[in-house]
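Below, each chain spelled out in residue letters.
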Amino acid sequence: MVAVGFLLPALVLLGALVVYPIGYSLYRSFLDQSGSSFAGLDNYREIFTEDSILTAVKNNAIWVVLAPTVSTALGLIFAVLTERVRWGTAFKLIVFMPMAISMLAAGIIFRLVYEQDPDRGVANAVWVGVHDTFAESAGFPKAHPLALHPLKEGGGGSFVTKQPVAAGRRVQLPLVGVAAEKMPSGARPAKAAQPDDGKITGTAWLDFTKGGGGTTNAIDAKELGLKGIKVEAVKDGKVVASTQAGADGTFTLPASADGAQLRLPADNFREPYNGVNWLGPSLVTPAIIGSYVWMWAGFAMVLIAAGLASVPRELLEAARVDGANEWQVFRRVTVPLLAPVLAVVLVTLMINVLKIFDLVFIIAPGSAQDDANVLALQLYRSSFGTDSNLGLGSAIAVLLLLLVVPVMLFNIRRMRREARR
């Protein structure tokens, strides 16, 4: 009776906060949307027939496979490597620090990290920087000639001169529509090209004077050259010569361009590379998993490092004395000895990701939330959305419970085996 007296408060709380909600959810899952009539297995049938819920089930499977595996693997690598460096404790502190951040705060952080605009999103800022290092960046998006200019549309986004050009005569290639901040940093005031016998010379410039007052088709003092714009000479559909304009917009083509039409190819006017749409339909789930790994790799590392500290060092030294290299010691000695700890970490993270909600709800934008859907989020949307259906929401909750129970049973059996040892 004394034992029952001490256990009773905990049992009452457990029953009120765990047992009763589970029982009521199971009961409610067999009722219709209003809760007034019996619906049988209709709610469970809807789980496996509605596209959005099937997407949630598929995404949960991806989460269970990827997130715990990657987090545990990174934790193992960090734990093993930091054991050998002098600043290992500081590194572990830095890696573990995200655990101090709530899921809400981490979601907000990574919503900004994955922002499409490279000026705001860190991921795309890095991606665009790497891309522009190895690939030619965009030139003059949205630039175009006016009707009065000596250029016309050439098809496919290019522009060509209305008349063929002749050697020894200057050519003018004015454009408008380039914002001041989009102009190349080294652009200088445009300058009229000097005629050159036997060659084609000309100027490509922005025919727009800031503040107004400029003259169309004339190079004014404040107008800048289109530095780096590509100019091609085309005869009978073939490019016979090409060049790029200098900082002041001037360019020169050889005598082979005589009688050709000059073309500004479409490459000059494509939109600048804007990075990867991390939160688009195809990448939103891996992107959110990346944020989860950022948070939980430190948790895995700390637990594995604690297990690693208890590994007998004489076993590792014996393996090295027997001729094993470091990779063999790691694969055949360290990992088998850490198997119980790795199982604890992996199972804990699997249970955790089955219930993942916060990160998906915050990071995934409304347009991609259906593609990033998971069961916990679908439970919330079905139960408390605009067309709430507590019967369907309860059925999803029961499904989540059924998915978690086998993992918990596995964990309990593993702990009992460890206790018997």
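Residues numbered from 1 in each chain as written. Predicted model: local features only at pLDDT ≥ 70, side-chain atom pairs only at ≥ 80, totals over all residues. Heavy atoms only, no water.

This part is about the overall build of the protein chain. When its secondary structure is counted, the protein chain shows 13 helices and eight strands. Computed over C-alpha atoms, the radius of gyration of the protein chain comes to 33 Å, more than 25% over the 22 Å expected from 2.2 N^0.38 for 421 residues, which places it beyond the range of a compact globule. In terms of principal-axis extent, the alpha carbons of the protein chain reach across some 110 × 75 × 40 Å. Within the protein chain, the proportion of its 421 residues that are buried is 39%. Excluding contacts between residues fewer than 6 apart, the proportion of contacts in the protein chain whose partners are at least 24 apart in sequence is 69%. Carbon together with sulfur atoms contributes 63% to the accessible area of the protein chain, which is approximately 23,200 Å² in total. (Helix = DSSP H or I, 4+ residues; strand = E, 2+ residues; numbered from the N terminus. Rg over C-alpha atoms; globule rule 2.2 N^0.38 Å. Buried < 20%, exposed > 50% of the residue type's maximum accessible area, 1.4 Å probe, protein only. Contact = heavy atoms within 4.5 Å. Areas by Shrake-Rupley, 256 points an atom, 1.4 Å probe, with all protein chains shown as cover.)

For Glu 232, the location among the structural elements is in strand β5 (residues 230-235). Sequence-distant contacts of Glu 232, that is, excluding residues within four places in its chain, are made with Val 239, Ala 241, Ser 242, Gln 261, Leu 262, Arg 263 and Pro 265.

For the rest of this paragraph, the subject is helix α5 (residues 103-113). Note on helix geometry: an α-helix contains 3.6 residues per turn, so any two residues three or four positions apart are oriented the same way. Every buried residue of α5 is accounted for by Met 103, Ala 106, Gly 107, Phe 110 and Val 113. The buried side chains of α5 occupy one side of the element, clustering within an arc of 120 degrees when seen end-on. At its buried positions, α5 is contacted by α6 (122-134), α7 (284-309), α10 (339-354) and α11 (358-363). (Arc of directions from axis to C-beta.)

Turning to the nonpolar core, a few remarks are in order. Counting residues in hydrophobic clusters, the biggest one holds 55 residues, and the most contacted among them are Trp 63, Tyr 114, Ile 288, Tyr 292, Ile 304 and Leu 359. When residues of this core are traced back to their parent elements, those giving at least two are α3 (51-82), α5, α7, α8 (313-321), α9 (326-337), α10, α11 and α13 (390-420). For this core, the element with the highest residue contribution is α7, accounting for 15 residues. The residues touching Trp 63, leaving out its near neighbours within four places in the chain, are Pro 68, Thr 285, Ile 288, Ile 289, Tyr 292, Val 353, Ile 356, Val 360 and Val 374. (Core = buried A, V, L, I, M, F, W, Y, C linked by side-chain atoms within 4.5 Å.)

Now for the pairing of β5. The sheet contact formed by β5 and strand β6 (residues 238-244) spans six bridges and is antiparallel. From the neighbouring strand, Val 234 faces β6, where its bridge partner is Val 239. Counting the residues in the hairpin turn of β5 and β6 gives two residues, including Asp 236, whose phi is positive at 55 degrees. Relative to strand β8 (residues 261-264), β5 runs antiparallel, the two sharing three bridges. Of the residues in β8, the one forming a bridge with Glu 232 is Arg 263. (Pairing = 2+ DSSP bridges.)

On to the packing of aromatic side chains. Per the stated rule, a full pass over the model turns up 19 aromatic pairs. Relative to Phe 91, the ring of Phe 78 has its centre 5.4 Å away and its plane inclined at 75 degrees; by these criteria the two rings are edge-to-face. Of the two residues, Phe 78 is situated in helix α3 and Phe 91 in helix α4 (residues 88-96); the sequence distance between them amounts to 13 residues. Taking the relative accessible area as the measure of exposure, Phe 78 reaches 22% and is therefore partly exposed. Of the residues examined, Phe 91 reaches a relative accessible area of 25% and is grouped as partly exposed. Taking the centre distance of 5.8 Å and the plane angle of 20 degrees together, the rings of Tyr 292 and Trp 296 count as stacked. Of this pair, Tyr 292 and Trp 296 both sit in helix α7, four residues apart, which is roughly one turn of the helix. The exposure classification of Tyr 292 matches that of Trp 296, with both residues buried. Among the aromatic residues, ring-to-ring pairing joins Phe 110, Tyr 114, Trp 127, Trp 278 and Trp 294 into one connected group. (Phe/Tyr/Trp six-rings, centres within 6.5 Å; stacked < 30°, edge-to-face > 60°.)

Glancing now at the sheet that holds strand β2 (residues 158-161). Here we have five strands laid out as an open sheet, ordered β1-β2-β8-β5-β6, and antiparallel in their pairing. Looking at the sheet topology across the chains shown, the edges are occupied by β1 (151-155) and β6. On average, each strand axis in the sheet is tilted by 35 degrees relative to the strand beside it, whichever way the strands run. Where β1 lies against β2, four bridges are found, and the strand directions are antiparallel. When the sheet's bridge partners are listed, Glu 153 is paired in β2 with Phe 159. (Axes fitted to C-alpha atoms, helices over the stretch in contact; angles between N-to-C directions.)

Where α7 meets α10, the closest approach of the two axes is 9 Å, and the angle between their N-to-C directions is 155 degrees. With respect to each other, α7 and α10 are oriented roughly antiparallel. The element α7 and its partner α10 pack so that their crossing is right-handed. Touching Tyr 292, Trp 296, Phe 299, Ala 300, Leu 303, Ile 304 and Gly 307 of α7 are Val 341, Leu 342, Val 345, Thr 348, Leu 349, Asn 352 and Val 353, all from α10. (Parallel < 35°, antiparallel > 145°, perpendicular 65-115°, else oblique. Left-handed = near helix turned anticlockwise from the far one by under 90°.)

Before going further, it helps to examine the packing of α8 against α9. Across the interface, α8 lies against α9 with an axial gap of 10 Å and an inter-helix angle of 150 degrees. The angle between the axes of α8 and α9 places the two elements in the roughly antiparallel class. As α8 packs across α9, the resulting crossing turns out to be right-handed. Contacts from Leu 315, Leu 316, Ala 319 and Arg 320 of α8 reach α9 at Glu 326, Val 329, Val 333, Thr 334 and Leu 337.

Among the surface-exposed residues, Arg 413, Arg 416, Arg 417 and Arg 420 lie close enough to one another that they form a single positively charged patch. You can call Arg 413 exposed: its relative accessible area is 57%. (Patch = residues over 30% accessible without salt bridge, like charges linked within 9 Å, V, L, I, M, F, W, Y side chains within 5 Å. Salt bridge = Lys/Arg side-chain N within 4 Å of Asp/Glu carboxyl O. Lys, Arg positive; Asp, Glu negative; His and termini not counted. Charge placed at Lys NZ, Arg CZ, Asp CG, Glu CD.)

Quick look at the environment of His 149 now. Here His 149 is to be found in the loop between α6 and β1. Since its relative accessible area comes to 1%, His 149 is described here as buried. Separated by 37 residues in the primary sequence, His 149 and Gly 186 place their C-alpha atoms 25 Å from one another. Filtering out sequence-adjacent residues up to four positions away, His 149 remains in contact with Lys 162, Pro 174, Leu 175, Val 176, Asp 207, Thr 216 and Asn 217. Of the polar contacts made by the side chain of His 149, one reaches the backbone nitrogen of Leu 146; its length is 2.8 Å. (Polar contact = N/O pair within 3.5 Å; in protein donor to acceptor, adjacent residues only side chain to side chain.)

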